[in-house]
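# Observations on the model geometry
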Amino acid sequence: MHFGQPTAEEIRAFTHVLKGQIALGTAIFPRKVKGQFLDTIARKALWDIGLDYGHGTGHGIGHFLNVHEGPMGIGIRLMPNDPGLEENMFLSNGTPGYYKDGQFGIRIEDIVQVMTANVGTNFDGRGALTFRTITMCPIQTRLIDVSLLTVRERDHINAYHQTVWDTLEPLLREANDQETLDWLARETKPI
């Protein structure tokens, strides 16, 4: 969340971080691929404009509630014990980011579940996987330069926001939380 007026530089960087997060979150890949091979997908939008981040892209979560739980992960470091991604593993798609020393930092973090993807030849029987976003939190659209998005990226954001609305709206109505419901309605409007 940005609590002030974002600069053009912040919006540009945020949009490219978001493009990387969307690219990874919508990736289709073969079953048992090691997360290391997916890292570049998340970095490409930043690399295209000469930006990067100095840490991994995603990590396992869940078993003992460790923050960075292996053995799987998505990053630039070799992970020799990575067994490869399989259905129902949970990871973060959350550390694509950008940090300008002394000025600002950007990170968009979601939890994703590895799911079966039904595509083409299914990697000749090996099995195709993708991610399903579990996190239900809108993306702050005033930080997005929509002109930098592809139609596919824009449609992805709108579909995600519709899912967030459909999931949270009934809960907020039941809780009679009009203030949060009004905020959610503003933040999930189509772009």
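What you see is a predicted model, and the numbers here were worked out from it, not measured in a lab.

### Comments concerning the side chain of Gln 140
Position of Gln 140 relative to the elements: it lies in the loop between strand S8 (128-133) and helix H3 (151-174). On the basis of relative accessibility, which here comes to 7%, the residue Gln 140 falls in the buried class. Among residues more than four places away in sequence, those in contact with Gln 140 are Met 1, His 2, Phe 14 and Glu 187.

### Some remarks on the pattern of salt bridges
Going through the model one piece at a time under the given rule, you end up with ten salt bridges. Arg 31 is paired through a salt bridge with Glu 87; the nearest N and O atoms lie 3.7 Å apart. Of the two residues, Arg 31 sits in the loop between strand S1 (29-30) and helix H2 (39-47) while Glu 87 sits in the loop between strand S3 (69-74) and strand S4 (90-93), which places them 56 residues apart along the sequence. By relative accessible area, Arg 31 is classed as partly exposed at 29%. The shortest N-O distance in the salt bridge between Asp 48 and Lys 44 comes to 2.8 Å. With a relative accessible area of 52%, Asp 48 lands in the exposed category. Within the structure, one salt-bridge network assembled from shared partners comprises Arg 31, Lys 32, Glu 86 and Glu 87.

### Quick word on the layout of surface pockets
Approximately 380 Å³ is the volume found for the largest pocket. In this structure, the largest pocket is lined by 18 residues; those nearest its centre are Met 1, Phe 14, Arg 107, Ile 108 and Leu 143. Sorting the residues of the lining of the largest pocket by element identifies helix H1 (8-25) and strand S6 (104-107) as the ones contributing at least two each. Here the residues of the lining of the largest pocket are counted per class, giving ten nonpolar, four polar and four charged.

### Focus: unusual backbone geometry
In this structure, Asp 124 is a non-glycine residue whose phi angle is positive, near 55°. Residue position: Asp 124 is located in the loop between strand S7 (110-116) and S8. Here the phi dihedral of Asn 176 falls at roughly 55°; this positive angle occurs in a residue that is not glycine.

### A word on the packing of aromatic side chains
Summed over the entire model, instances satisfying the criterion amount to two aromatic pairs. Sitting over the face of the ring of Tyr 53, Arg 43 holds its NZ or CZ atom 3.9 Å from the ring centroid.

### A short note on H1
Look at H1: 25 Å from first C-alpha to last across 18 residues, which is about the 26 Å you get at 1.5 Å a residue. Here H1 lies mainly inside the structure; 14 of its 18 residues are buried.

### A look at the nonpolar core
By size, the foremost hydrophobic cluster in this structure holds 37 residues, and its most contacted members are Phe 14, Leu 18, Phe 29, Leu 38, Leu 85, Leu 91 and Phe 131. Of all elements in the fold, only H1, H2, S3, S6, S7, S8, H3 and helix H4 (178-187) reach the threshold of two or more residues within this core. Residue-level mapping places this core at the junction of two domains, with at least three residues from each of domain 1 (8-135) and domain 2 (150-190). Look past the residues within four positions of Leu 18 in its chain and what remains in contact with it is Ile 108, Ile 139, Ile 144 and Ile 157.

### Quick word on the UniProt feature "domain: Peptidase M24 C-terminal" (unreviewed entry) in the protein
In the numbering adopted here, UniProt assigns the feature "domain: Peptidase M24 C-terminal" (unreviewed entry) to residues 128-191. Regarding residues 128-191, the helix share stands at 53% and the strand share at 9%, and the terminal C-alpha atoms are separated by 30 Å.

### Considerations on the side chain of Thr 188
The topology assignment puts Thr 188 in the segment after H4. Other than its neighbours up to four places away in sequence, Thr 188 contacts Pro 138, His 161, Val 164 and Trp 165.

### Some remarks on the domain arrangement of the protein
In terms of domain boundaries, the protein breaks down into domain 1 (8-135) and domain 2 (150-190). Domain 1 and domain 2 are separated by 23 Å when their C-alpha centres are compared. With seven residues of domain 1 at the contact, the number on the domain 2 side is six residues. On the domain 1 side of the interface with domain 2, the three residues burying the most area are Lys 19, Ile 22 and Thr 26, jointly 68% of the side's total.

Cut-offs and rules
- Residues numbered from 1 in each chain as written.
- Predicted model: local features only at pLDDT ≥ 70, side-chain atom pairs only at ≥ 80, totals over all residues.
- Heavy atoms only, no water.
- Helix = DSSP H or I, 4+ residues; strand = E, 2+ residues; numbered from the N terminus.
- Buried < 20%, exposed > 50% of the residue type's maximum accessible area, 1.4 Å probe, protein only.
- Contact = heavy atoms within 4.5 Å.
- Salt bridge = Lys/Arg side-chain N within 4 Å of Asp/Glu carboxyl O.
- 1 Å grid on protein atoms, 1.4 Å probe; cavity = no way out; pocket = protein on both sides within 12 Å on 5 of 7 lines; lining within 4 Å.
- Points joined across faces, edges and corners; volume = space filled by probe spheres on them.
- Nonpolar A, V, L, I, M, F, W, Y, C, P; charged D, E, K, R; others polar.
- Phe/Tyr/Trp six-rings, centres within 6.5 Å; stacked < 30°, edge-to-face > 60°.
- Lys NZ or Arg CZ within 6 Å of the ring centre and 35° of its normal.
- Expected span 1.5 Å × (residues − 1).
- Core = buried A, V, L, I, M, F, W, Y, C linked by side-chain atoms within 4.5 Å.
- Domains from an automatic or database assignment.
- UniProt positions renumbered as here; feature names shortened; annotations may be inferred.
- Buried area = accessible area lost by both parts, 1.4 Å probe.

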